[in-house]
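Each chain is listed here by its residues.
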Amino acid sequence: MIPEHFILVFLTFIVLGECSTNTDGFSGTCNDSFSCGNISGFRFPFRKEKDPTYCGYPGFEVNCNEHNPPTINIKNMTYQVKSIDPTVQIMKIVREDMIESICPQDQVNTTMDYNLFNYNSGYMNMSFLFGCPDSWNGMGGRLDLCGNNRGKPVFLIPGVHGPGDCESSVVVPVPVEFVDPNTSGRVVGNGFEVRWKVDDEVCIGCRQSSGQCVYDNDTRLTACRVGTSPSAGPKGSALKLILGISCLILMLLMILCQKKRLWGTVGALRMGTTRNHQIEMFIRNYGTMTPKRFKYSEIKKMTNSFSEKLGQGGYGSVYKGQLPDGQLVAVKLLGKAIGAGEDFINEVASIGRTSHANIVTLLGFCFEGNKRALMYEFMPNGSLDKFLRGDGSRLDWDTLFQIAKEIARGLEYLHQHCNTRIVHFDIKPHNILLDEEFIPKISDFGLAKLCKRKETIVSVTGARGTAGYMAPEVFFKSFGGASHKSDVYSYGMMVLEMTGARKKYNFNNQSMSEAYFPDCIYDKVEGGDNLGVDGVTTEEEDELARKLVMVSLWCIQSDPSDRPSISKVMEMLEGSFQSIQVPPKSFWSSPPRPSQATSPSVNLHSSTGERVLAMHAAGVDLFS
């Protein structure tokens, strides 16, 4: 007799295969891949405009004419396709109105449909300012080759800018290496790269089974058609009904006889183990640098079945444990959230390369099926945030100052002294752990990025970090690309929180937008007024508080190039207060932390920020 579980596995493949790939009603065939003009490499989710709509996703229609280059329409703007690479889902496009001119002929900003596309890394915004007065003295390069400007000067300047004294402005992305206005004009017409966001995972399996990817308009998802689709009409509808009923009956039978263990097996067989395989390959390739690997049963025993919980974060819970030799450990049990595989690899890859007094030590890990855990040295004083809550457990100023210096020293090691530079991207009090002597150690490298030491710009997709500590350039690329200076910004916001000034001004000014918070502190420092922070009783403590605040204001400059490196931060902290110059009054205020946020709006202050907000409110697309 054939074992029951083999029958169920077989039925599961039939049901999931037939029901999920059934695309009855789709007549005709779609081109799995096609060329347009001299550009090859188009495939699903793209389709030719004349092909049936189910051959591609909405918004991916390509105007394909053998005598002309292919074009695609995004947000009511036509772009010529210069190249396409489906393996990495990147396409290079150029505005059609800029093919023959270095200046945009249509007075419309370059925008993307961010449900479908993202700008590829390495690009930032430049603004064309048209119809400027001859006396205009803004920063930027003057372009004398633009047409249709009625003899008035046209300027090209970095970032997103409103017209101001000029008649109009147009925003266009350019490669970061050409942000110099004097050279950007020569390359802006070369186009830019975008990455499409439609997941190709379904299509990979579909092609392997000789199927054809199609777009199901009912579910608005990718479907896989295997074999010849029945033609539309009564016959097709009847067959669709019969097949649907059959699928339902088989599914009910499996639900009645399935076991929890079996569903796990079937799910693994159906969905595949691609991600797990990638992690296993990573661990194998990491070789002797990989920390010790533990079985899940060992982790469970060390933590007494996870009986003592130390804390909880966005990626899982942390439990207290003990090794057989008596050493106390903290075990972070990762949850099943999407992206846990990437976070797991990030953590092991980055922290496994470190060895520093101010970086937490990774002692081992567990990777067993869907069980993932990371084991660290135990830090008896927990995380820094519990000493900043205002519940009476506040640290004295000398201890706070030493903690700030040690954190900077740990960041300096990550940025300058590792063989591979590490950018943490999530510096905040929750990720600073304190040992028995209150020596701080940087932890939680789930969002960290490794980059070559010569690289200044780090490739990131989407926001990366925690609101309130995240640098503006991480999610607002008109400020420049993300880099190690993004950690400097987060460090500055964290140190302001350590001084208590941030909480004081936010709580004492409930009607005040958080956008004005750095300005309030700046005015106090610049005027030599009493900062009004808690716990300052002596001149020495007042100087320590002022030094921390002054260094923080340098760190949170909105322009990354205006921020000091973390090495310079160390110099300022170790030098005299009198040697620290007052920074420019140019601050960006990140969105409020989740506990304070009431909307996803972005808060800016200063004249530049107000112009950007006005443009955003007017519908100008600023996020690139």
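Note that this is a predicted model, so its numbers are computed, not measured.

Student: Any chance you could explain the overall build of the chain here in plain terms?
Tutor: What the chain contains, in helices and strands, is 16 helices and 25 strands. Within the chain, residue pairs in contact and separated by at least 24 positions form 67% of the contacts whose partners lie at least 6 positions apart. Summing over all exposed atoms, the chain offers an accessible surface of approximately 30,400 Å²; the carbon and sulfur share of this is 52%.

Student: Please clarify how the packing of aromatic side chains should be interpreted in this entry.
Tutor: Describing an aromatic ring pair means giving the distance of the ring centres and the angle of the ring planes. In total, this model carries 13 aromatic pairs according to the counting rule given. Taking 6.0 Å as the distance between ring centres and 90° as the angle between the ring planes, the aromatic pair formed by Tyr-79 and Phe-192 counts as edge-to-face. Highlighted residues: Tyr-79 in strand S6 (residues 77-85) and Phe-192 in strand S13 (residues 192-196), separated in sequence by 113 residues. According to the relative accessible area criterion, Tyr-79 is buried, its value standing at 0%. On the numbers, 6.2 Å between centres and 25° between planes, the contact of Phe-128 with Phe-130 is stacked. For the pair shown, Phe-128 and Phe-130 are each scored as buried. Taken together, the aromatic side chains of Phe-34, Phe-42, Phe-46, Phe-60, Phe-117 and Trp-196 make up a single cluster linked through ring pairs.

Student: What should I look at first to understand the sheet that holds strand S5 (residues 68-74) in this one?
Tutor: Neighbouring strands of a sheet are bound in pairs by backbone hydrogen bonds; such pairs are parallel or else antiparallel. Sheet architecture is open: seven strands sit in the order S3-S4-S5-S6-S7-S13-S8, paired in mixed fashion. The sheet terminates laterally at strand S3 (47-48) and strand S8 (117-119), the two strands that pair on one side only. Sheet topology note: the S3/strand S4 (residues 61-65) ladder contains two bridges and is parallel. Following the sheet pairing, Arg-47 is matched in S4 by Glu-61.

Student: I tried to follow helix H11 (residues 484-499) on my own but got confused; where do I start?
Tutor: Along an α-helix, residues three or four positions apart point the same way, because every turn accommodates 3.6 residues. Taking 1.5 Å of rise per residue, 16 residues should cover 22 Å, and H11 covers 23 Å from first to last C-alpha, within 8% of that figure. Taken across its 16 residues, H11 has 16 buried, putting it largely inside the fold. Following H11 by one or two positions, Gly-500 has its phi on the positive side, about 90°.

Student: What is the right way to read the pairing of S4 from this model?
Tutor: Looking down a regular strand, the side chains alternate between one sheet face and the other. As paired elements, S4 and S5 share three bridges and run antiparallel to each other. Note on S5: the bridge partner recorded for Val-62 is Ile-72. Following S4, the chain reverses through two residues before pairing antiparallel with S5.

Student: What am I meant to see in the environment of Met-493 here?
Tutor: When you line up the elements, Met-493 lands in helix H11. Note: C-alpha distance between Met-493 and Leu-553 (60 residues apart in sequence) is 8.5 Å.

Student: Help me out: how do you make sense of the confidence of the model for the chain in this one?
Tutor: Detailed reading of the predicted coordinates is not advisable wherever pLDDT is low. Taken as a whole, the chain shows an average pLDDT of 75; of its residues, 67% reach a score of 70 or greater. Within the chain, the lowest mean pLDDT, 34, falls on helix H16 (residues 607-617), and the highest, 96, falls on strand S24 (residues 440-442). Low pLDDT, under 50, characterises residues 5-24; the stretch is placed with 47 contacts to residues that sit more than four places away or in other chains. A low-confidence stretch, residues 589-624 (pLDDT under 50), is modelled with 70 contacts involving residues beyond four sequence positions or located in other chains.

Student: Help me out: how do you make sense of the packing of H11 against helix H14 (residues 539-555) in this one?
Tutor: Geometrically, a packed helix pair is captured by the angle between its two axes and the distance between the axes. Across the interface, H11 lies against H14 with an axial gap of 8 Å and an inter-helix angle of 150°. Looking at the two axes, H11 sits roughly antiparallel to H14. At the point where H11 passes H14, the crossing takes the left-handed sense. Seen from H11, the contacting residues are Val-488, Tyr-489, Tyr-491, Gly-492, Val-495, Leu-496 and Thr-499; seen from H14, they are Leu-548, Val-549, Ser-552 and Cys-555. For the contact of H11 with H14, the per-class residue count stands at eight nonpolar, three polar and no charged.

Rules used in this analysis
- Residues numbered from 1 in each chain as written.
- Predicted model: local features only at pLDDT ≥ 70, side-chain atom pairs only at ≥ 80, totals over all residues.
- Heavy atoms only, no water.
- Helix = DSSP H or I, 4+ residues; strand = E, 2+ residues; numbered from the N terminus.
- Contact = heavy atoms within 4.5 Å.
- Areas by Shrake-Rupley, 256 points an atom, 1.4 Å probe, with all protein chains shown as cover.
- Phe/Tyr/Trp six-rings, centres within 6.5 Å; stacked < 30°, edge-to-face > 60°.
- Buried < 20%, exposed > 50% of the residue type's maximum accessible area, 1.4 Å probe, protein only.
- Pairing = 2+ DSSP bridges.
- Expected span 1.5 Å × (residues − 1).
- pLDDT = per-residue confidence, 0-100.
- Axes fitted to C-alpha atoms, helices over the stretch in contact; angles between N-to-C directions.
- Parallel < 35°, antiparallel > 145°, perpendicular 65-115°, else oblique.
- Left-handed = near helix turned anticlockwise from the far one by under 90°.
- Nonpolar A, V, L, I, M, F, W, Y, C, P; charged D, E, K, R; others polar.

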